[in-house]
Amino acid sequence: MKKLFCLMLAVLMLMLCVSCGAGKKDRLAEIKERGYIEITTEPYFAPYEFIDPSKTGDEQFVGMDIEIAKVIADKLGVELKIVPLDFTPLLAAIADGKYDLAISAIAYSPDRAESMNLSNVYLASDTGYGFLCRAEDKDKYNSIESLKDAVVITQSGSVQEALYNSDVKECKEFKRVINMTDGYLAVAEGKADVCICSIASADIYAEANGGLTTTSFRFDIDPNMNGEVIAAPPEGTDTLIAEVNKIIEELNKEGKIQAWFDEYTEYAAKLGV
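Residues numbered from 1 in each chain as written. Predicted model: local features only at pLDDT ≥ 70, side-chain atom pairs only at ≥ 80, totals over all residues. Heavy atoms only, no water.

S.K.: Looking at this model, I keep getting lost on the nonpolar core. Mind explaining?
M.R.: Side chains that are nonpolar tend, in soluble globular proteins, to be buried together. Counting 56 residues, the largest nonpolar core has Ile37, Ile68, Ile72, Leu101 and Tyr122 as its most contacted members. When residues of this core are assigned to their parent elements, the largest contribution, 8 residues, is made by helix H3 (residues 64-76). If near-sequence neighbours (up to four positions away) are discounted, isoleucine 72 is found in contact with Ile37, Leu101, Ile103, Ile230, Val244 and Ile247. Formed by 21 residues, the second largest nonpolar core is a distinct cluster that contains Tyr129, Cys133, Ile221 and Met225. (Core = buried A, V, L, I, M, F, W, Y, C linked by side-chain atoms within 4.5 Å. Buried < 20%, exposed > 50% of the residue type's maximum accessible area, 1.4 Å probe, protein only. Helix = DSSP H or I, 4+ residues; strand = E, 2+ residues; numbered from the N terminus. Contact = heavy atoms within 4.5 Å.)

As structure tokens, this is what we get:
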């Protein structure tokens, strides 16, 4: 009986191991098998991804990141399905493996590297992170200390929020919004004084809409954070990220990513976003 019991236990353990192995199937193989890739994005951050209200369906989502997503799907030989989400749920969904990739101007951070599989940087920037304020306050907010009597706002779950938590010791009030555009609007409408922001994106918004400006202050950050990466679930995605990195390298060699950035900067300005 003991031998029989041990044999049955061994068979059961083998079945469990096979089952676990099947559950960790390679994500790239799954994508090719099903014939489509699900890529999530937060479409409120021009020129990376934003909405053209004159279009409908997936066609309404435009921007540099959307062009990259199209190329990835094309290179893998599958259909592209775009899933719009707010930024914080987007990060949680990728960490939980609900979607294949997230392409949404995601900056590298050590915390994200622990919970997701991150690609190489596909667009580097030296503009960094700083403050956006109303034009008349440009010379008022040029240091951390200058925020003491200011209402400060930024996007929930973003690198900008992490910078607030680590660097800003005191302000009049701190507010979070679900997307950066709402932060810019809050400053424009006088509901906040300063938005902690990506300077590259904020400059585009300020130029298109007027009355706003970025200041000379910049946060001191890890150089790796001055660039965007593509995120994948943490398990079973090594081959997928390897393919993504090959595509990024090809696109940058051809100058396409920078060209799309310039193209959609102009596009967003015409739409006022």
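S.K.: Please explain empty space enclosed by the protein as it appears in this structure.
M.R.: What the rule picks out here adds up to 3 cavities of 30 Å³ or more. Considering only enclosed or pocket space, the largest cavity measures out at about 160 Å³ in volume. If you go around the largest cavity, you meet 15 residues; those closest to its centre are Phe45, Phe87, Ala105, Gln155 and Gln160. Taken together, the elements giving at least two residues each to the lining of the largest cavity come down to strand S5 (101-107) and helix H6 (159-167). At 3 residues, the largest contribution of residues to the lining of the largest cavity is made by S5. Here the residues of the lining of the largest cavity sort into 7 nonpolar, 5 polar and 3 charged. In this model, the second largest cavity occupies a volume close to 60 Å³. For the lining of the second largest cavity, the class distribution of residues is 4 nonpolar, 6 polar and 1 charged. (1 Å grid on protein atoms, 1.4 Å probe; cavity = no way out; pocket = protein on both sides within 12 Å on 5 of 7 lines; lining within 4 Å. Points joined across faces, edges and corners; volume = space filled by probe spheres on them. Nonpolar A, V, L, I, M, F, W, Y, C, P; charged D, E, K, R; others polar.)

S.K.: Help me out: how do you make sense of helix H9 (residues 238-253) in this one?
M.R.: For the α-helix, the turn length of 3.6 residues means that residues three or four positions removed from each other point alike. When the terminal C-alpha atoms of H9 are compared, their 23 Å separation across 16 residues agrees well with the 22 Å that a helix rising 1.5 Å per residue should span. Within H9, the full set of buried residues consists of Leu240, Ile241, Val244, Asn245, Ile247, Ile248 and Leu251. Seen along its axis, H9 keeps its buried residues to an arc of 165 degrees; they face one direction. The exposed residues of H9 that point more than 90 degrees off its buried face are Asp238 and Lys253. Where H9 is buried, its residues contact helix H2 (27-34), H3, S5, strand S6 (117-118), strand S13 (227-232) and helix H10 (256-271). Just downstream of H9 lies glycine 255, where phi reads positive at about 75 degrees. (Expected span 1.5 Å × (residues − 1). Arc of directions from axis to C-beta.)

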